[in-house]
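Observations on the three-dimensional arrangement
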Amino acid sequence: MQKVTLADRITTQEESFEIYSDYSEDSLVEKSAILEFKKLGYIHLNCFNEKVELDGKGTLGRKTKSEVLLFQKLREAIKKLNPDICDEAEEQAIQELAKDRSRLSSVKANQEVYSLIKNGVKVKVRNEKGEIEDQTIKIIDFENPKNNDFFLASQFWITGEIHPIRTDLLGFVNGIPLVLIELKAPGKRVKEAFDKNITDYRKAATQLFWYNAFIILSNGRESKIGTVTSGFEHFGEWKRIEDEDETGDTILDTMIKGACEKSRLLDILENFTLFSSTEGHPVKIIARNHQYLGVNNSIESFKNRKENDGKIGVFWHTPGSGKSYSMIFFAQKILRKFSGNYTFVIVTDRDELDEQIHKNFQNAGVVTEIGVRARSGRHLKQLLTEDHRLVFTLIHKFGTNKGVKHPLLSDRDDIIVIADEAHRTQYDTLAQNMRDALPNASFIGFTGTPLMEGEEKTRDTFGDYVSIYNFIQSIEDGATVPLYYENRVPEVQLHNESLNDDIYREIEKAGLNDEEETRLATEFSKEYHIIVREKRLETIAKDIVEHYVTRGYSGKALVVSIDKLTTVKMHDKVQKYWNQYIEELKEQRKAITESEEAKDLEKLISEFENVDMAVVISEGQDEVRKFEKNRLDIKPHRKRVNEENLEEIFKDSKSRLKIVFVCSKWREGFDVPSLTTIYLDRPMKDHSLMQTIARQTESLKIRW
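An account of the accompanying structure is given in this report. (Residues numbered from 1 in each chain as written. Predicted model: local features only at pLDDT ≥ 70, side-chain atom pairs only at ≥ 80, totals over all residues. Heavy atoms only, no water.)

Considering the overall build of the protein
Scanning the protein from terminus to terminus reveals 25 helices and 22 strands. The burial tally for the protein puts 54% of its 704 residues in the buried class. Across the protein, the fraction of contacts at a sequence separation of at least 24, relative to all contacts at a separation of at least 6, is 70%. Total accessible area on the protein is roughly 32,500 Å²; 48% of this is exposed by carbon and sulfur atoms. (Helix = DSSP H or I, 4+ residues; strand = E, 2+ residues; numbered from the N terminus. Buried < 20%, exposed > 50% of the residue type's maximum accessible area, 1.4 Å probe, protein only. Contact = heavy atoms within 4.5 Å. Areas by Shrake-Rupley, 256 points an atom, 1.4 Å probe, with all protein chains shown as cover.)

Some points on the pattern of salt bridges
One pass over the structure, following the stated rule, counts 42 salt bridges. Here Lys323 makes a salt bridge to Asp420, at a shortest N to O gap of 2.7 Å. Of this pair, Lys323 sits in helix α10 (residues 323-337) while Asp420 sits in strand β14 (residues 415-420); the two residues are 97 residues apart in sequence, bridging distant segments of the chain. With a relative accessible area of 14%, Lys323 lands in the buried category. If you follow the salt bridges from partner to partner, you end up with Glu534, Glu538, Lys569, Lys573 and Lys576 in one network. (Salt bridge = Lys/Arg side-chain N within 4 Å of Asp/Glu carboxyl O.)

Focus: the environment of Arg336
One can find Arg336 in helix α10. Residue classification places Arg336 among the partly exposed positions, given a relative accessible area of 31%. When the C-alpha atoms of Arg336 and Glu270 are compared, they prove to be 8.9 Å apart, with 66 residues separating the residues in sequence. With residues near it in sequence (within four places) discarded, Arg336 still touches Lys118, Asn119, Phe142, Glu270 and Asn271. Only 2.7 Å separates the side chain of Arg336 from the backbone oxygen of Lys118, close enough to count as a polar contact. (Polar contact = N/O pair within 3.5 Å; in protein donor to acceptor, adjacent residues only side chain to side chain.)

Topic: the sheet that holds strand β12 (residues 343-348)
With parallel pairing, six strands are arranged side by side in an open sheet as β13-β12-β14-β15-β11-β16. If you trace the sheet from one side to the other, it starts and ends with β13 (390-394) and β16 (465-469), each paired once. Put simply, the sheet's adjacent strands are angled 15° from each other on average, direction ignored. The pairing of β12 with β13 spans five bridges and is classified as parallel. Counted as the bridge partner of Val345 is Val391 from β13. Of the strands in this sheet, β12, β13 and β14 are in contact with helix α11 (residues 351-363), which crosses β13 at around 165°. (Pairing = 2+ DSSP bridges. Axes fitted to C-alpha atoms, helices over the stretch in contact; angles between N-to-C directions.)

Some details on the side chain of Lys224
Inspection of the secondary structure assignment puts Lys224 in strand β8 (residues 223-226). Look past the residues within four positions of Lys224 in its chain and what remains in contact with it is Val190, Ile215, Ile216, Leu217, Phe232, Phe235, Gly236, Glu237 and Met255.

Comments concerning the side chain of His388
Mapping His388 onto the fold places it in the loop between α12 (377-385) and β13. Its relative accessible area of 9% is what places His388 among the buried residues. Of the polar contacts made by the side chain of His388, one reaches the side chain of Glu386; its length is 2.7 Å. Ignoring any residue separated from it by four or fewer positions in sequence, one finds His388 in contact with Tyr342, Thr343, Glu369, Val372 and Leu383.

Brief notes about the packing of aromatic side chains
Enumeration over the complete set of coordinates arrives at 24 aromatic pairs. With centroids separated by 5.1 Å and ring planes inclined at 80°, the aromatic side chains of Phe302 and Phe338 adopt a geometry described as edge-to-face. Remark: Phe338 occurs in the loop between α10 and β12 and Phe302 occurs in helix α9 (residues 289-303); sequence separation between them is 36 residues. Judged by relative accessible area, which is 22%, Phe338 ranks as partly exposed. Through successive ring pairs, a cluster of aromatic residues spans Trp238, Phe272, Tyr292 and Phe329. The positively charged end of Arg166 is found above the aromatic ring belonging to Trp157, 5.4 Å away from the centroid. Its end group placed over the ring of Phe142, Arg336 keeps NZ or CZ at 5.7 Å from the ring centre. (Phe/Tyr/Trp six-rings, centres within 6.5 Å; stacked < 30°, edge-to-face > 60°. Lys NZ or Arg CZ within 6 Å of the ring centre and 35° of its normal.)

A word on unusual backbone geometry
Even without being glycine, Asn174 reaches a positive phi, approximately 55°. For Asn174, a relative accessible area of 1% translates into the label buried. A positive phi angle, close to 60°, is found at Asp309, a residue other than glycine. Judged by its relative accessible area of 54%, Asp309 falls in the exposed class.

Regarding the sheet that holds strand β7 (residues 214-218)
Strands sit in the order β1-β4-β5-β6-β7-β8 across an open sheet of six strands; the sheet is mixed. At either margin of the open sheet sits one strand with a lone partner, and together these are β1 (43-46) and β8. Going across the sheet, the axis of each strand differs from the next one's by a mean of 25°, ignoring polarity. As defined by bridge partners, strand β5 (residues 165-173) adjoins strand β6 (residues 176-183) across five bridges and the pair is classed as antiparallel. By the bridge assignment, Leu170 is partnered in β6 with Leu180. Across the face of the sheet, helix α7 (residues 252-260) comes into contact with β6, β7 and β8 while running at roughly 165° to β7.

Remarks on helix α23 (residues 635-643)
Within α23 the residues assigned to the buried category are His637, Arg638 and Arg640. Each buried residue of α23 lies within a common arc of 160° when the element is viewed along its axis, so the set occupies one face. Seen from the open side of α23, the exposed residues pointing more than 90 degrees away from its buried face are Lys639, Asn642 and Glu643. Check the buried side of α23 and you find it contacts α20 (564-590), β19 (612-615), α22 (623-629) and α24 (646-651). (Arc of directions from axis to C-beta.)

Things to note about the packing of helix α8 (residues 262-271) against α10
What describes two packed helices is the angle between their axes and the distance between those same axes. Contact geometry for α8 and α10: axes closest at 10 Å, N-to-C directions at 100°. Between α8 and α10, the angle is such that the two are roughly perpendicular. Seen from α8, the contacting residues are Asp267, Glu270 and Asn271; seen from α10, they are Phe329, Gln332, Lys333, Arg336 and Lys337. Taken together, the residues that form the contact of α8 with α10 break down as one nonpolar, two polar and five charged. (Parallel < 35°, antiparallel > 145°, perpendicular 65-115°, else oblique. Nonpolar A, V, L, I, M, F, W, Y, C, P; charged D, E, K, R; others polar.)

A closer look at a negative patch on the surface
A cluster of acidic side chains, namely Glu594, Glu596, Glu597 and Asp600, defines a negative patch on the protein surface. When its relative accessible area of 53% is taken as the criterion, Asp600 is described as exposed. (Patch = residues over 30% accessible without salt bridge, like charges linked within 9 Å, V, L, I, M, F, W, Y side chains within 5 Å. Lys, Arg positive; Asp, Glu negative; His and termini not counted. Charge placed at Lys NZ, Arg CZ, Asp CG, Glu CD.)

Considerations on the environment of Ile139
Turning to its location among the elements, Ile139 is positioned in the loop between β3 (132-137) and β4 (150-158). Once the C-alpha coordinates of Ile139 and Ala77 are considered, the two residues, 62 residues apart in sequence, prove to be 7.2 Å apart. Other than its neighbours up to four places away in sequence, Ile139 contacts Leu74, Ile78, Leu81, Leu97, Leu116, Ile117, Val121, Asn174 and Ile176.

Focus: the packing of α20 against helix α21 (residues 595-609)
Taken N-terminus to C-terminus, the directions of α20 and α21 make an angle of 160°; their axes are 10 Å apart at the nearest point. Taken together, the axis directions place α20 and α21 in an arrangement best described as roughly antiparallel. In this structure, α20 crosses over α21, and the sense of that crossing is left-handed. Of the residues in α21, those in contact with Trp578, Tyr581, Ile582, Leu585, Lys586, Gln588 and Arg589 of α20 are Ala598, Leu601, Glu602, Leu604, Ile605, Phe608 and Glu609. Considered class by class, the residues forming the contact of α20 with α21 number nine nonpolar, one polar and four charged. (Left-handed = near helix turned anticlockwise from the far one by under 90°.)

Read these as spatial facts, not as claims about activity.
Printed below as a string of structure tokens:
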């Protein structure tokens, strides 16, 4: 008897199906999507009337509709990709992929399966000598996308724990359901696909999400992509396919070509997927469109690094667009796809940035070693002689006395320097030192702001732009929220038209340390005292309170002042007007007898009384005496900074700490998703201004 293959059964079944017409979502939108997948080389089958048989001889070989793996396809792929595999190893691999993971959370189950798909399934088998040995069974051929089976099922039924579900489109690779696509009619909102379908599927058929690479939502005109842990607000667009300069659109065809074309789908799966434990619970992250294109541009430049004297380029992506994740994707892809013993040296210019970027890599599971943050130049040299994939250091470790050439740290040609905020003065000054210390290394600069006039040395070190994703593009793509700027009174009335530039130059030279504060007060004594005069500060403090309590949206706030003394003064003045406002509300409450209005006021009073405020400034020499001299008390603020993790508390959207007063700390490289307002009372321009205002926020408002 002639053997009937799964492919034969699919062809026969597809020919016998009648096109259904009683579902609005699967009309033009679904047909168009199916056509696009067929153009990409996917085999398609309408599974609405799929035959499921206990003997496995049904349409797709499923024995029950609760199965989401297509075992016949999976077995065929495993045999093809592992030609020498024995039956025992094959069975172990399949059992490991198919085992029940219902006791795990959805994201943990997904992470476990992801590792098996990406790295292969490790099994133990007995060799010819009777010895037990380890084997790794390849599940997907990432090097040769066409060597895999790509299958698209429409109207695929799954029996869940609560009730059966029917997915619109389900993309399989080697029998594994990697891509879930939920469609709505053109007249409906894309969010309905998430609210009414995906949210239900996650509860009703959890086994489907153990294997999912990503989810696509679309109504044909608008399309979104996300992961098993994404809320709708974290679903992003995929508007460009090949090039950053494409005009871009959100139609479903673009999404399919950009994310589901065979090589791109496997690239996203293999190199642009992370699991991060941010905020105490794991989340699954895939690259956004701009990250995918930008990192792959950088990878292409990396291939030509030797011809370009080690210059990989400058990667300019606006703050809030996921720059640190782009660094991780960049390093992750090189380590996986290129042979060699590469070490990445991540360079920052501030302790808090070094700590934060190390934490980001650690949370994403990329850093598993301890002690890879260089404590000194000598320690950095030691780390570079050891076998580390990632090393973190401050740019100042490359410092020398004026006129002294930096000694050689390593002559390895497999060191890749990733400089964060590579435009800043420190990099220009110490760039040659990095070159002298690591003469054969390659260099790439990541920055959230464009190179400004006078920063030619940055290009000399890193090369030209390798990727550009500016603030306007970010807003248009929904990667960064719009910025609302409101100029506030009081203005400083002075005849010195260059005051802002003059003061900016002084306060940015050294991060406004004690020496700079003294110089500032001396050099600009008249102008400076006008800026910090008591009457003006009182007006600003009162305005901050009035704005905060009436702004009409929630979220935290950062108050940025010109120096440490003014920061503490502003805290005290805001506290004064804050308490006055609460007393005014209490007086209003006394005059009201109507129960509903009274309850609303009581709730408002309780809410404002519960607001916590803090001062976060760096510690200075003899600071207690200096503050007391100005009739200010730094001791309670210093106690809080030393005894509480104010950074973690402020980042917690549910914490009482709502308003923080700073002058130089926390302005840059400090992402607080719940931060919605920044009150600026400090001269800024260029990078520092852009870094400060373009924080990763939900709805950032800037007030001067």
